[in-house]
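# Structure assessment
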Amino acid sequence: MDLPLNPFKDALRRSEPLYGIWAGFATPYAAEIIATTGYDWMLVDGEHAPNTVPTLLGQLQAVAPYATHPVVRAVQGDAVLIKQLLDVGVQTLMVPMVETAEQARALVQAMRYPPHGIRGVGGGLTRATRWDAVPDYIRTAHEQLCLIVQIESRLGVENAAEIAAVDGVDAVFIGPADLSTGMGHAGDASQTEVQDCIRRTIETTLAHGKACGILAPREEDARRYTDWGCRFVAVAIDISLMRQAALANLARYRAPTQPAIVSTTY
């Protein structure tokens, strides 16, 4: 059996934008529904959604037959957790709150086997090797793994050039909610100084030959960030879509008691 290819990693090298959706329901059934809708990628969230390694595995299995590529966000950059996520078959990993090049290098180490890293060998126990059916997995795994680091703080923005320059970091993803909140604007990324930081981070990332992504559920934001050079943009959040649709449906029959607000702070 050949090493499973990572079409998302390959697509990041092209110029066409990749449109994604946040998957926060933490169930295989909901993830599979999302995977049938045609988005290029989906973010299966292990940070803010109530996910564990087994629930993430179930969602990977559920979406495997579909073209939408699952990007899994870890709750943190812990090397032991990363080992578990890679072993169950995560090919594209996003790690939140990366603020320094030293952190980024440690994440690269966690993604790779010795002598180039510290990832432990699970062999025939792991789904990633298709239970030892993939020959030479230890030597070739890194070729199809994709590491996305999140910059979502003022310190991360200041260190964006050094972070993007780390060999083994494939892409940078900007978190507007945390960034704006950390800058004193409580989730309001529309503020000029926040927008300046976002644009500077995009330009810095691209200047180092890496792809840049962002969460932007509002259409005007998504189009602006795409114009600025973002190659993968999350343009929807499944939980928000369901809530908006439910409120809009109820409003057909009864005067709404609350607005169907498009969430931008996930």
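Attention here is on the structure that accompanies the text.

Rules used in this analysis
- Residues numbered from 1 in each chain as written.
- Predicted model: local features only at pLDDT ≥ 70, side-chain atom pairs only at ≥ 80, totals over all residues.
- Heavy atoms only, no water.
- Buried < 20%, exposed > 50% of the residue type's maximum accessible area, 1.4 Å probe, protein only.
- Helix = DSSP H or I, 4+ residues; strand = E, 2+ residues; numbered from the N terminus.
- Contact = heavy atoms within 4.5 Å.
- Patch = residues over 30% accessible without salt bridge, like charges linked within 9 Å, V, L, I, M, F, W, Y side chains within 5 Å.
- Areas by Shrake-Rupley, 256 points an atom, 1.4 Å probe, with all protein chains shown as cover.
- Salt bridge = Lys/Arg side-chain N within 4 Å of Asp/Glu carboxyl O.
- Axes fitted to C-alpha atoms, helices over the stretch in contact; angles between N-to-C directions.
- Parallel < 35°, antiparallel > 145°, perpendicular 65-115°, else oblique.
- Left-handed = near helix turned anticlockwise from the far one by under 90°.
- Nonpolar A, V, L, I, M, F, W, Y, C, P; charged D, E, K, R; others polar.
- Phe/Tyr/Trp six-rings, centres within 6.5 Å; stacked < 30°, edge-to-face > 60°.

## Let's talk about helix α5 (residues 101-111)
The complete set of buried residues in α5 reads Ala101, Ala104, Leu107, Val108, Ala110 and Met111. In this fold, the buried residues of α5 make contact with α4 (79-87), β4 (92-95), β5 (146-151) and α8 (160-164).

## Looking at a nonpolar patch on the surface
Judged by side-chain polarity, Phe25, Ile239 and Met242 come together as a nonpolar surface patch covering roughly 250 Å² of accessible area. Its place among the elements puts methionine 242 in helix α12 (residues 238-251).

## Some words on the packing of helix α10 (residues 192-207) against helix α11 (residues 219-228)
The axes of two packed helices give the description: the angle between them and the distance between them. Contact geometry of α10 with α11 gives a least axis separation of 10 Å together with a crossing angle of 40°. By the angle between their directions, the pair α10 and α11 is classed as oblique. Like other packed secondary-structure pairs, α10 and α11 cross with a definite hand, here right-handed. Listed contacts from α11 to Gln195, Ile198, Arg199, Ile202 and Leu206 of α10 are Arg224, Tyr225 and Trp228. For the contact of α10 with α11, the class distribution of residues is five nonpolar, one polar and two charged.

## A few points about the packing of aromatic side chains
Within a pair of aromatic rings, the relevant descriptors are the distance that separates the centres and the angle that separates the planes. Considering all chains together, one arrives at eight aromatic pairs under this definition. Their ring planes at 85° and their centres at 6.3 Å tell us that tryptophan 41 and phenylalanine 173 sit as a pair that is edge-to-face. On the criterion of sequence distance, the pair formed by tryptophan 41 in strand β2 (residues 41-45) and phenylalanine 173 in strand β6 (residues 171-174) is long-range, its members being 132 residues apart. The same class applies to tryptophan 41 as to phenylalanine 173, namely buried. Taken together, a centroid distance of 6.1 Å and an interplanar angle of 75° make the contact between tyrosine 113 and tyrosine 137 edge-to-face. Linking tyrosine 113 in the loop between α5 and α6 (137-140) with tyrosine 137 in helix α6, this pair joins segments that are 24 residues apart in sequence. The buried category is assigned to tyrosine 113, whose relative accessible area is 6%. Residue tyrosine 137 is classed as buried on the basis of its relative accessible area of 7%. Taken together, the ring pairs connect Phe8, Trp22, Trp41, Phe173 and Phe232 into an aromatic cluster.

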